[in-house]
Amino acid sequence: MGEEEQVEIILNKGSTGLGFHIRGGHDNQHIAGDPGIFVTRLKEGAAAHRDGRLKEGDRILEIDGVCVRNVTHNEAVSLFLKTGPTCKLLVEPDAERKALAKASSSIVRTGSRSRKTTETALVFGLVLGASLLTVLLLRKYPNALSSIFKKS
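Everything in this summary refers to the structure shown in the same document. (Residues numbered from 1 in each chain as written. Predicted model: local features only at pLDDT ≥ 70, side-chain atom pairs only at ≥ 80, totals over all residues. Heavy atoms only, no water.)

Some thoughts on the pairing of strand S2 (residues 20-24)
Phase 1: Across the two faces of S2 the burial differs, with Phe 20, Ile 22 and Gly 24 buried and His 21 and Arg 23 not buried at all.
Phase 2: Bridge count for S2 against strand S3 (residues 37-42) is 5 bridges, and the pairing is antiparallel. Within S3, the position partnered with Ile 22 by the bridge is Val 39. (Buried < 20%, exposed > 50% of the residue type's maximum accessible area, 1.4 Å probe, protein only. Helix = DSSP H or I, 4+ residues; strand = E, 2+ residues; numbered from the N terminus. Pairing = 2+ DSSP bridges.)

Printed below as a string of structure tokens:
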């Protein structure tokens, strides 16, 4: 990973918990080719949000001293669930943006937003293609649809 900036953050869980969502792991990469665990959302009012140092896009490097640079998503979640009333994190700030900037344009995020965007583009392409085909066929065979919609 090189010489990344590292920040230690100690969070007190309190009644609201740590209050953030993660994605990633070597089994379910948030950024293609990167096994890191990334913070994807902060829960307003929870420990991480109140503390103010942890941000969306940060990479979690350690949870209570345990390295999570190349673990599965479930292993990272399990470590978070085992923390006591406080949780010590070692994070790389803004790592998601850095990883995406470093990556070539062919790297595609594998998150649900990217899948939805890809699915939407695919559906749009299919509809557009079918519409163009229909127009071309109707130009060549102008009476083709009249036999289909003929009243009996």
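Here we look at unusual backbone geometry
Phase 1: Residue Asp 64 is not a glycine yet carries a positive backbone phi of 50°.
Phase 2: Tracing the chain through its elements places Asp 64 in the loop between strand S4 (59-63) and strand S5 (66-67).
Phase 3: Its identity as a non-glycine residue notwithstanding, Asp 94 has a phi of 55°, on the positive side.
Phase 4: You can call Asp 94 partly exposed: its relative accessible area is 30%.

Examining the side chain of Lys 13
Phase 1: For Lys 13, the position within the fold is in the loop between strand S1 (7-12) and S2.
Phase 2: Asp 64 provides the closest opposite charge to the buried, salt-bridge-free Lys 13, at an N-O distance of 7.4 Å. (Lys, Arg positive; Asp, Glu negative; His and termini not counted. Salt bridge = Lys/Arg side-chain N within 4 Å of Asp/Glu carboxyl O.)

Some points on the packing of aromatic side chains
Phase 1: On inspection of all chains with the given rule, the structure shows 1 aromatic pair.
Phase 2: Pairing Phe 20 with Phe 80 gives two aromatic rings, centres 5.3 Å apart and planes at 85°, and the pair type is edge-to-face. Of this pair, Phe 20 sits in strand S2 while Phe 80 sits in helix H2 (residues 73-82), placing them 60 residues apart in sequence. The burial state of Phe 20 is the same as that of Phe 80; both residues are buried. (Phe/Tyr/Trp six-rings, centres within 6.5 Å; stacked < 30°, edge-to-face > 60°.)

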